[in-house]
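Take a look at the letters that make up each chain.
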Amino acid sequence: MDEAAKLAPFPVVGDADPVPASLFVSYPEQANTLALLYEVSREITSILDREQLLRKVAHRVKKLVNYHVFSVMLWNEQTQLLESTFSMRYGDTIPSRLTLPLHKGLTGTAAGERRILRVNDTVDDPRYIKCDVGFDTRSELVVPLLLQDRLIGVLDLESTDANAFTAEHERMLATLGSYIAIALENARLFQEARENESRLQEDLATAREIQRQLLPTGAREMPGLDLASAYCSARALGGDFYDFLPYGEGRLALALGDVSGKGTAAALFGSLAIGIIREHIVDHPCPPAEMLAMLNNRLHGARLDSRFIATLFSVYDAGTRRLTLANAGSPYPLLIRDGAVQTIRIAGMPLGLYPDTQYEEITLDLQPGDAVLFASDGILESENAQLEEFGIERLSSVLSSIQPEHTASDIASSIIDATDRHTGEGLHARDDRTLVVFRVTDHTSSDFSKLPIIY
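Trainee: With reference to specific residues and values, describe the packing of aromatic side chains.
Mentor: Scanning the entire structure with this criterion turns up six aromatic pairs. Measuring from centroid to centroid gives 5.9 Å for Tyr-316 and Phe-438, while their planes differ by 50°, and the two rings are tilted. Highlighted residues: Tyr-316 in strand β12 (residues 309–317) and Phe-438 in strand β18 (residues 433–440), separated in sequence by 122 residues. The residues Tyr-316 and Phe-438 share a single accessibility class, namely buried.

Spelled out as structure tokens, the structure:
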């Protein structure tokens, strides 16, 4: 539940009738008191910072009751103790670390019995506990702060004079106490919500960094292959992923996935898929179709809230310049050759929906100058303010402009820049955008005995 939704309801003071003018004529003192109570209650219930709130309450109460020490203790449900939160003496805040159980001292008694205590002379009251406040307290007024009979804390006023507090003071603070209790509870909930939000942002930042660490940036020891990737998540955590995997001497596997949904759950599901693939290839570097079939059964067996993953998995053999790939629901890959953009039409069921699904494979013989693009649907479905998608035509236009000197990184940057321009300033992408580009280059090496080094 959103913490802000827990805020306690205020009494409707903003819409209350003002104090009738006739009351100022007949009972001027009572009318002034009511007007001040109305003003104070309206003001304090709008403050959400506890320190600022209590300071404001102390100054406002001073206009109603002449005291020498103002203090507030709050009830701690975990420790079952009243804990000093704020104290003010002669207008200056003073440190206080007092804790009290219920029914001990005047403060604990008022809190435990849920009633106001007015002591005219503390010398005659055995419940009084002397505290170091810099003077001798002679009279005390303790008001329990209750919210629907739930103890929030106590308001404690002390004076050096005996008989300093009256029944009228007691009645006024009884009325004001309910407003103070609501304001304190709202300040607590606001602070709790702020702290939770801060922790959440820290956790998301850490998770985002961990997620990025899971994604490689390239592969070395692959003669004739120029490789690049781009990853732009719509939220702090993304549901897209890609991976590069050593697949034997001179062979590199490339995977790209798009989890249904977004955010934390999608990111975790994507991380699970990466983990399964990396675990499996240690002993079973199988063909792409077999890899997708295995991954599909593992993800379906997890039964995670009907989630599925659109995935492309391919293996490139640098020695033969041969690309073998299988598709599980991802947009068709694109081949760029001699300025022409060709769709590699291979489809399949997304992973995790149905058990024992079989997948097709296709093999392409590539040549120097060819470029291949794997992209999640967030690239094609990027929308502008008019809800027009970027689409395959705009993507093909970008790819058709590729020149021989353009690197894979140049191509990836051009696509991301084009989708940014299409979306326009001030609009956030609705979906993650992820792509992998690799370009076949000419080379003179004949040694493909090394494993690709992923970095």
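Trainee: Give me the lowdown on the confidence of the model for the chain, citing residues and values where you can.
Mentor: In this model, the chain carries a mean pLDDT of 89, and residues with pLDDT of at least 70 account for 92%. The model gives residues 1–16 a pLDDT under 50, and that stretch makes 27 contacts with residues more than four places away or in other chains.

Trainee: For a nonpolar patch on the surface, give the residues involved together with the corresponding values.
Mentor: Taken together, the side chains of Phe-308, Met-349, Leu-353 and Tyr-354 present a nonpolar region at the surface, about 340 Å² in accessible area. Examined against the element boundaries, Met-349 turns out to sit in the loop between β15 (340–343) and β16 (362–365).

Trainee: I'd like a description of the nonpolar core, backed by residues and values.
Mentor: In globular proteins that are soluble, nonpolar side chains generally tend to be buried together. Leu-254, Phe-313, Tyr-316, Leu-366, Phe-374 and Phe-438 are the most contacted members of the largest nonpolar core, which totals 55 residues. Here Phe-374 is in contact with Leu-254, Leu-256, Leu-312, Ser-314, Leu-325, Pro-333, Thr-434, Leu-435, Val-436 and Phe-438, once residues within four sequence places are set aside.

Trainee: Summarise the environment of Ala-408; cite the residues concerned and give the values.
Mentor: The residue Ala-408 is located in helix α10 (residues 408–423) in this model. What makes Ala-408 buried here is its relative accessible area of 0%. Sequence-wise, Ala-408 and Ala-371 are 37 residues apart; in three dimensions their C-alpha atoms are separated by 7.8 Å. Excluding anything up to four places from it in sequence, Ala-408 contacts Asp-226, Leu-227, Ala-228 and Val-437.

Trainee: Give me the lowdown on the pattern of salt bridges, citing residues and values where you can.
Mentor: One pass over the full model with this rule turns up 18 salt bridges. Between Arg-188 and Glu-185 there is a salt bridge; the shortest N-O distance is 2.8 Å. With a gap of three residues between them, Arg-188 and Glu-185 both fall in helix α5 (residues 167–214), about one helical turn apart. For Glu-185, a relative accessible area of 6% gives the class buried. Across the salt bridge formed by Arg-322 and Asp-365, the nearest N and O atoms sit 2.8 Å from each other. In this pair, Arg-322 sits in strand β13 (residues 322–328) while Asp-365 sits in strand β16, placing the two residues 43 residues apart along the sequence.

Trainee: Let's hear about the sheet that holds strand β17 (residues 371–375): which residues, and what values?
Mentor: If you walk across this open sheet you meet the five strands as β9-β18-β17-β14-β15, and the pairing is antiparallel. Whereas interior strands pair on both sides, the edge strands pair on one side only; in this sheet they are β9 (225–232) and β15. Across the sheet, the mean angle from the axis of one strand to that of its neighbour is 20°, orientation sign disregarded. As paired strands, strand β14 (residues 334–337) and β15 are joined by four bridges and run antiparallel to one another. Bridge pairing links Leu-334 to Thr-343 in β15. α10 rests against β9, β17 and β18 of the sheet, and its axis sits at about 150° to β18.

Trainee: With reference to specific residues and values, describe helix α9 (residues 391–400).
Mentor: Among all positions in α9, only Gly-391, Leu-395, Ser-396, Val-398 and Leu-399 are buried. Turning to α9, the residues buried within the fold contact β14, β15, β17, α8 (377–380) and α10.

Trainee: An account of the sheet that holds strand β11 (residues 251–259) is requested, with residue identities and associated values reported.
Mentor: Reading across from one edge, β10-β11-β12-β13-β16 is the order of the five strands in this open sheet, with antiparallel pairing throughout. Two strands close off the open sheet at either side, each with one partner strand: β10 (240–246) and β16. Between one strand axis and the next, the sheet turns through 15° on average, direction left out of account. Sheet analysis places β13 next to β16, joined by four bridges and oriented antiparallel. Bridge pairing in β16 links Arg-322 to Asp-365. Where helix α6 (residues 263–283) meets the sheet, its contacts fall on β10, β11 and β12, and the angle it forms with β10 comes to roughly 15°.

Each value, and the rule that gives it
Residues numbered from 1 in each chain as written. Predicted model: local features only at pLDDT ≥ 70, side-chain atom pairs only at ≥ 80, totals over all residues. Heavy atoms only, no water. Phe/Tyr/Trp six-rings, centres within 6.5 Å; stacked < 30°, edge-to-face > 60°. Helix = DSSP H or I, 4+ residues; strand = E, 2+ residues; numbered from the N terminus. Buried < 20%, exposed > 50% of the residue type's maximum accessible area, 1.4 Å probe, protein only. pLDDT = per-residue confidence, 0-100. Contact = heavy atoms within 4.5 Å. Patch = residues over 30% accessible without salt bridge, like charges linked within 9 Å, V, L, I, M, F, W, Y side chains within 5 Å. Areas by Shrake-Rupley, 256 points an atom, 1.4 Å probe, with all protein chains shown as cover. Salt bridge = Lys/Arg side-chain N within 4 Å of Asp/Glu carboxyl O. Core = buried A, V, L, I, M, F, W, Y, C linked by side-chain atoms within 4.5 Å. Pairing = 2+ DSSP bridges. Axes fitted to C-alpha atoms, helices over the stretch in contact; angles between N-to-C directions.

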